[in-house]
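One letter stands for each residue in the lines below.
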Amino acid sequence: MSDIPMQRGQQWLKTLLEVTGIPVEIQGHLETAQSQDGDSLEEPDNYWLTIDQTNLTSEQIQVLIGADGSVLDAIQYLANSVLNLSQPPEEQASYTIELNGYRVKREAEIRALAEAAADEVRFSGREVEIKSLSSAERRQVHTFLKEFGDLETFSRGKEPHRHLVVCPASLEGVGS
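Every value quoted in this text rests on a predicted model; they were computed, and no experiment measured them. (Residues numbered from 1 in each chain as written. Predicted model: local features only at pLDDT ≥ 70, side-chain atom pairs only at ≥ 80, totals over all residues. Heavy atoms only, no water.)

### Here's the deal with the side chain of Asn-46
Here's step 1: Looking at the element boundaries, Asn-46 is found in strand S2 (residues 40-51).
Here's step 2: On the accessibility criterion, Asn-46 (13% relative accessible area) is buried.
Here's step 3: Those residues in contact with Asn-46 that lie beyond four places of it in its chain are His-29, Leu-30, Glu-31, Ser-94 and Thr-96. (Helix = DSSP H or I, 4+ residues; strand = E, 2+ residues; numbered from the N terminus. Buried < 20%, exposed > 50% of the residue type's maximum accessible area, 1.4 Å probe, protein only. Contact = heavy atoms within 4.5 Å.)

### Remarks on the packing of aromatic side chains
Here's step 1: By the definition in use, this model includes one aromatic pair.
Here's step 2: Geometry around Phe-144 places Arg-111 over its ring, the cationic atom sitting 4.0 Å from the centre.
Here's step 3: The positively charged end of Arg-122 is found above the aromatic ring belonging to Phe-148, 4.8 Å away from the centroid. (Phe/Tyr/Trp six-rings, centres within 6.5 Å; stacked < 30°, edge-to-face > 60°. Lys NZ or Arg CZ within 6 Å of the ring centre and 35° of its normal.)

### Re the nonpolar core
Here's step 1: Formed by 24 residues in total, the largest nonpolar core has its most connected members in Leu-13, Leu-17, Ile-51, Leu-56, Ile-97 and Leu-99.
Here's step 2: When contributions to this core are tallied by element, the ones reaching two or more residues are helix H1 (4-19), strand S1 (26-34), S2, helix H2 (58-65), helix H3 (70-84) and strand S3 (94-98).
Here's step 3: Apart from the residues lying within four places of it in its own chain, the contact partners of Leu-56 are Ile-22, Val-24, Ile-51, Ile-61, Leu-64 and Leu-99.
Here's step 4: In this structure, Ile-110, Ala-114, Ile-130 and Val-141 belong to the second largest nonpolar core, which totals 14 residues. (Core = buried A, V, L, I, M, F, W, Y, C linked by side-chain atoms within 4.5 Å.)

### Some words on the pattern of salt bridges
Here's step 1: In the structure shown here, the tally under the stated rule is eight salt bridges.
Here's step 2: Put simply, Glu-137 and Arg-106 hold a salt bridge, and the shortest N to O gap is 2.7 Å. Within this pair, whereas Glu-137 is found in helix H5 (residues 135-145), its partner Arg-106 is found in helix H4 (residues 102-124), the two being separated by 31 residues in sequence.
Here's step 3: The exposure class assigned to Glu-137 is buried, which follows from its relative accessible area of 8%.
Here's step 4: The salt bridge partner of Glu-159 is Arg-138, with a shortest N-O separation of 2.4 Å. Taken together, the residues Glu-159 in the loop between strand S5 (151-156) and strand S6 (163-168) and Arg-138 in helix H5 connect sequence positions 21 residues apart.
Here's step 5: The exposure class assigned to Arg-138 is buried, which follows from its relative accessible area of 5%.
Here's step 6: Salt bridges sharing partners connect three or more residues here, namely Arg-106, Glu-109 and Glu-137. (Salt bridge = Lys/Arg side-chain N within 4 Å of Asp/Glu carboxyl O.)

Set out below in structure tokens:
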């Protein structure tokens, strides 16, 4: 696999931050996943671009992450839009922008939210709404919970008040 998309991503992000007066280095790596037997699998075209925080102040880190990750999300959205512009679909890549372990920590928080909602739905038998998630975070919860056959997820409402709903799976067609 060519590392050209990763190099483009690193250079684009470095240039963007230099324009804002923040000269940093960008590390890149291909995201890997674990197969069911524990082997490492490469997920094609999914690149993590990590901003080197070595020379950043805590204030610069806070500004770049933003409230609830809003600035980091905006940079990531911009990266994915700009870097895939004019690319044929088969050459488009997905970029995740990371700083100070924010994405890794937030993913753990989102997984815990999803698991707590799943437990509550199973206990109460009623739907549970999870509020204050970005569209990317809602996608993560949908992905986390799709492996549970006894639960369903969907989104309700319109941005910026869109919420994720976890509910018991429909029992239509079962046992009749």
